[in-house]
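Architecture and fold: a report
Spelled out, the chains give:
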Amino acid sequence: MAARPEPVRIAVLGCADIARRRMLPAFAASPDVEITAVAGRSADRAKELAERFGCRAMTGYETALADDEVRAVYVPLPAALHATWVERALLAGKHVLAEKPLSLSLPESRTLTRLAAERGLALMENVMFVHHAQHEAVRGLLADGAIGELRAFQAAFTVPRLDADDIRYRPELGGGALTDTGVYPVRAALHLLGPDLEVAGAHLARGAGFAVDTAGAALLRDDRGVGAQLTFGLDHAYRNTYELWGSTGRITVDRAFTPPADHRPVIRLENRDGVREVALAPDDQVANTVAAFVTAVRTQAPPDGTILHQARLLDEIRGHANPREGTER
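Residues numbered from 1 in each chain as written. Predicted model: local features only at pLDDT ≥ 70, side-chain atom pairs only at ≥ 80, totals over all residues. Heavy atoms only, no water.

**Describing the pattern of salt bridges**
Side chains that differ in charge, positive against negative, can pair when their charged atoms come close. This is how it is decided: Any carboxyl oxygen of Asp or Glu that lies within 4 Å of a side-chain nitrogen of Lys or Arg is treated as forming a salt bridge with it. Per the convention used, a helix needs a DSSP run of H or I reaching at least four residues, while a strand needs a run of E reaching at least two, with both numbered from the N terminus. Exposed residues in this analysis have more than 50% of their type's maximum accessible area, buried residues have under 20%, and partly exposed residues fall in between, with area computed by a 1.4 Å probe over protein chains only.
Scanning all chains against the criterion turns up 25 salt bridges. Residues Glu-125 and Arg-187 are paired through a salt bridge, measuring 2.9 Å at the closest nitrogen-oxygen approach. Here Glu-125 is found in strand 6 (residues 123-125), whereas its partner Arg-187 is found in helix 7 (residues 177-193), with 62 residues between them in sequence. With a closest N to O distance of 2.9 Å, Arg-318 and Asp-315 form a salt bridge. Of this pair, Arg-318 and Asp-315 both sit in helix 9 (residues 306-321), separated by three residues, roughly a single helical turn. Looking at Asp-315, the relative accessible area reads 26%, which means it is partly exposed. Within this structure, Glu-243, Arg-250, Arg-268, Glu-270 and Glu-277 form a network of salt bridges that share partners.

**Brief notes about unusual backbone geometry**
Pro-101 follows Lys-100 through a cis peptide bond whose omega is -15°. Position of Pro-101 among the secondary structure elements: in the loop between strand 5 (95-98) and helix 5 (106-119). Even without being glycine, Arg-255 reaches a positive phi, approximately 50°. Structurally, Arg-255 can be placed in the loop between strand 12 (249-254) and strand 13 (266-271). According to the relative accessible area criterion, Arg-255 is partly exposed, its value standing at 40%.

**Comments concerning the sheet that holds strand 5**
We apply this condition: Whether two strands pair depends on DSSP finding at least two bridges between them. The angle between two axes is taken between their N-to-C directions and runs from 0 to 180 degrees, where each axis is a line fitted to C-alpha atoms and a helix contributes only its stretch in contact.
Sheet architecture is open: six strands sit in the order 3-2-1-4-5-6, paired in parallel fashion. What marks the edges here is a single partner per strand, and that holds for strand 3 (56-59) and strand 6. Strand-to-strand, the axes of this sheet are offset by a mean angle of 20°, without reference to chain direction. In terms of strand pairing, strand 1 (residues 8-13) meets strand 4 (residues 72-75) through three bridges, oriented parallel. Counterpart to Val-12 in the pairing with strand 4 is Tyr-74.

This is how it looks when you write it as structure tokens:
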């Protein structure tokens, strides 16, 4: 029997909430990952989190990058800091799992993916929902012609207002609805419709008193004539869903982007035969994401090209929307 490969020794750069709630528990649960360190600007916060997960605490992100024991890093920093620290990690020879979006522009993302490919390092964007089995089931229904020829796609991810001091409301940290919740419907469109998408129109709005966009919508189209309507926001009733319309039916998926590991997905299929609910087994998209990153590290897989397709669409949405300074919803 072949020996089990060594676990991927990973350091976490920062003490962000998603690291605490989602990623560190998933790293700890994986037999293929060893949490080596938590590095933070605050020594006390890094120590508290490191003690919880039985690893070393480091003060300063550069300390983790200089550590020879660290093979990979996870970057859960604010979006405006992603490009800087992903680049530094790659230059230090570390594989990288970075929170979404990888950067705030297509040129930055292109530079980072090229650097990773040149150095034979894994670079993965932490878009977890694409690793959930329910979306593969949807792809199967589409391939089987369950709704005929695809005609339209609609997706929405909106969340209620956050605390006023939340980093997602800070423009200097890359905040805003497009950067935070908008990534999900954009990536869903790419995942289900393919890369040949372009932006036909877009709108970004700022709620009264906010310095970032808190609401947005985009209309995409592909070369087959399929349209995609996307809605996202940070000051809304909660919505987390997508639908696909075909020539003979419709598919609806709720809790599309952030289902907990014990959630039992139900895909609603409506067509000429009536309405059918396709019940699926629970799936853990966080654990699946960790496993995918481990595979990328061990195989030195090049970055997924979808990273650049997504970055291009986000740039195009910004360009079409072109919100005016001082405009309020």
